[in-house]
Amino acid sequence: MKEVEMLCEEVRELSLGKSGRVERLESPPTPLHFLREFVSPNKPCLISNATLHWLALSSWSDDDYLARALSNDVVSLHLTPNGRADALIPAPPASSSSLCFASPYVRHLLFPEALRLILSCGDGDENSSSRTVAYAQQQNDCFRSEYSALAADCESHIPWASEALGCLPEAVNLWIGNHLSETSFHKDHYENLYAVVCGEKHFLLLPPTDLHRMYIRQYPAAHYTFSQDTGELKLELDNPARYVPWCSVDPYPSPDTKDAETSQFPLYFNGPKPFECTVKAGEILYF
């Protein structure tokens, strides 16, 4: 473990820096600069003014525009009680583990209805978000399948990034959430380009050399089901049982649990700070 810790320290000293800030570029880089300065050293960067030419930037903030463009399209809507889909939560009583990996309940709805449920979260609407948080967070190339009617509003790929990486995107996803939408701490196996069109999203990032600090462990898989009688979501363990490797660390523990979390996961809480940034409309994060 000492050797691993030394490697983490050297990566920060020689490549990533110790400030915890993600480097910002004021305009898109050339493919060569992007490859040399960021892709090769596996270094994140935030690119401003990257998508100002996309029609999406001026039109997608209009709910009526989206509803018209996708009026006949069925999309996947993910529902949870708290906005934390694909995350660790307290396990059902039947589990031998205190935590489980919970997958959301997924409904397939016409987009205008899905958008209504997302936007109405927290407004007291008894039919939607007073008991659930809705998040359109489908994976598996959903933009080119469920949202293909919006394809003309943005580029099909990021040209300078595609040239630097030597390939076109394997998947393009569109995610629509609200202030309660949360992505749990996890590891990715891909090069990511995250473009924000409306609103903003905050990121905590660790380099690959810090994987051990995430305390990846096996957790029983569970999923939410929906009760037509009560209108509420219920958590059930998967049957047959299966286990999911997931990050054990909650980077934002409550004041009541912070001391216990720090004691249980010292490599994370006592180690170098993660890199942080907030991505706003018109910006792209590479990580």
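Further up the page is the structure itself.
Let us look at the structure shown here. Since the structure is predicted, the reported quantities are computational estimates derived from the model, not experimental observations.

Parameters at a glance
- Residues numbered from 1 in each chain as written.
- Predicted model: local features only at pLDDT ≥ 70, side-chain atom pairs only at ≥ 80, totals over all residues.
- Heavy atoms only, no water.
- Buried < 20%, exposed > 50% of the residue type's maximum accessible area, 1.4 Å probe, protein only.
- Helix = DSSP H or I, 4+ residues; strand = E, 2+ residues; numbered from the N terminus.
- Arc of directions from axis to C-beta.
- Contact = heavy atoms within 4.5 Å.
- Expected span 1.5 Å × (residues − 1).

### Here we look at helix 2 (residues 31–39)
And then number 1: When we look at burial in helix 2, the residues that qualify are Phe-34, Phe-38 and Val-39. Buried positions in helix 2, seen along its axis, are confined to an arc of 75 degrees and lie on one side of it.
And then number 2: Here the buried face of helix 2 lies against strand 1 (23–25), strand 2 (45–47), helix 6 (159–165), strand 10 (193–195) and strand 16 (284–286).

### Here we look at helix 1 (residues 2–16)
And then number 1: For helix 1, with 15 residues, the first-to-last C-alpha span of 20 Å sits near the 21 Å given by 1.5 Å per residue.
And then number 2: Of the positions making up helix 1, those classed as buried are Cys-8, Arg-12 and Leu-16. Along the axis of helix 1, the buried positions cluster into a sector of 50 degrees, meaning they face one direction only. Exposed residues pointing more than 90 degrees away from the buried face of helix 1 are listed as Lys-2, Glu-3, Glu-13 and Leu-14.
And then number 3: Against the buried residues of helix 1 lie strand 15 (275–280).
And then number 4: Phi turns positive one or two residues past the end of helix 1, at Gly-17, with a value near 90 degrees.

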